[in-house]
Amino acid sequence: KGVFISPRSSETKCDSVAFKDDALEMKVTRDIQGNEIQFIYKGKLADDKLSVSVVPKGYEDQFSGEWTGKRKS
């Protein structure tokens, strides 16, 4: 279980979250201008950094994103 927190749309419960062998997969359905769209996040943890890509299901050819998070020291 998990909660996705966005500064634009507050909190959204995750459809699914899995973290195994330093790999993350998270699915979150969000309302975007009246349309329910599932976002799929896939990431890898290495050297205290989590690198993640995101694509909206059904719109993979129109949008994608990437981000990296680092653990605070």
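Residues numbered from 1 in each chain as written. Predicted model: local features only at pLDDT ≥ 70, side-chain atom pairs only at ≥ 80, totals over all residues. Heavy atoms only, no water.

A. Up close: the pattern of salt bridges. Summed over all chains, the structure comprises 2 salt bridges. Across the salt bridge formed by Lys 27 and Glu 25, the nearest N and O atoms sit 3.8 Å from each other. Residue class for Glu 25 comes out partly exposed when judged on its relative accessible area of 30%. Across the salt bridge formed by Lys 42 and Glu 25, the nearest N and O atoms sit 3.9 Å from each other. Residue Lys 42 is found in strand S5 (residues 35-46), and its partner Glu 25 is found in strand S4 (residues 23-32); the two are separated by 17 residues along the sequence. Relative accessible area serves as the criterion here: at 47%, Lys 42 is assigned to the partly exposed category. (Salt bridge = Lys/Arg side-chain N within 4 Å of Asp/Glu carboxyl O. Buried < 20%, exposed > 50% of the residue type's maximum accessible area, 1.4 Å probe, protein only. Helix = DSSP H or I, 4+ residues; strand = E, 2+ residues; numbered from the N terminus.)

B. Seen up close, the pairing of strand S6 (residues 49-56). Where S5 lies against S6, 8 bridges are found, and the strand directions are antiparallel. Residue pairing in the sheet places Gly 43 in a bridge with Val 52 of S6. Connecting S5 to the antiparallel partner S6 that follows it, the hairpin turn spans 2 residues, and Asp 47 within it adopts a positive phi of roughly 55°. Where S6 meets strand S7 (residues 65-70), 6 bridges bridge the pair, whose relative direction is antiparallel. Looking across to S7, one finds that Leu 50 is bridged to Gly 69. (Pairing = 2+ DSSP bridges.)

C. Representation of the packing of aromatic side chains in the model. This model, assessed by the stated rule, comprises 1 aromatic pair. Judged by centre distance (5.4 Å) and plane angle (35°), the rings of Phe 4 and Tyr 41 are tilted. Remark: Tyr 41 occurs in strand S5 and Phe 4 occurs in strand S1 (residues 3-6); sequence separation between them is 37 residues. The two residues Phe 4 and Tyr 41 agree in class, both being buried. Against the face of Phe 39 rests Arg 30, its NZ or CZ located 5.8 Å from the ring centre. (Phe/Tyr/Trp six-rings, centres within 6.5 Å; stacked < 30°, edge-to-face > 60°. Lys NZ or Arg CZ within 6 Å of the ring centre and 35° of its normal.)

D. Representation of the layout of surface pockets within the structure. Roughly 300 Å³ of internal volume is contained in the largest pocket. In terms of lining residues, the largest pocket is bounded by Phe 4, Ser 6, Pro 7, Arg 8, Ser 9, Arg 30, Asp 31, Ile 32, Phe 39, Tyr 41, Val 54 and Phe 63. For the lining of the largest pocket, the secondary structure elements donating two or more residues are S1, S4 and S5. At 3 residues, the largest contribution of residues to the lining of the largest pocket is made by S4. Partitioning the lining of the largest pocket into residue classes produces 7 nonpolar, 2 polar and 3 charged. (1 Å grid on protein atoms, 1.4 Å probe; cavity = no way out; pocket = protein on both sides within 12 Å on 5 of 7 lines; lining within 4 Å. Points joined across faces, edges and corners; volume = space filled by probe spheres on them. Nonpolar A, V, L, I, M, F, W, Y, C, P; charged D, E, K, R; others polar.)

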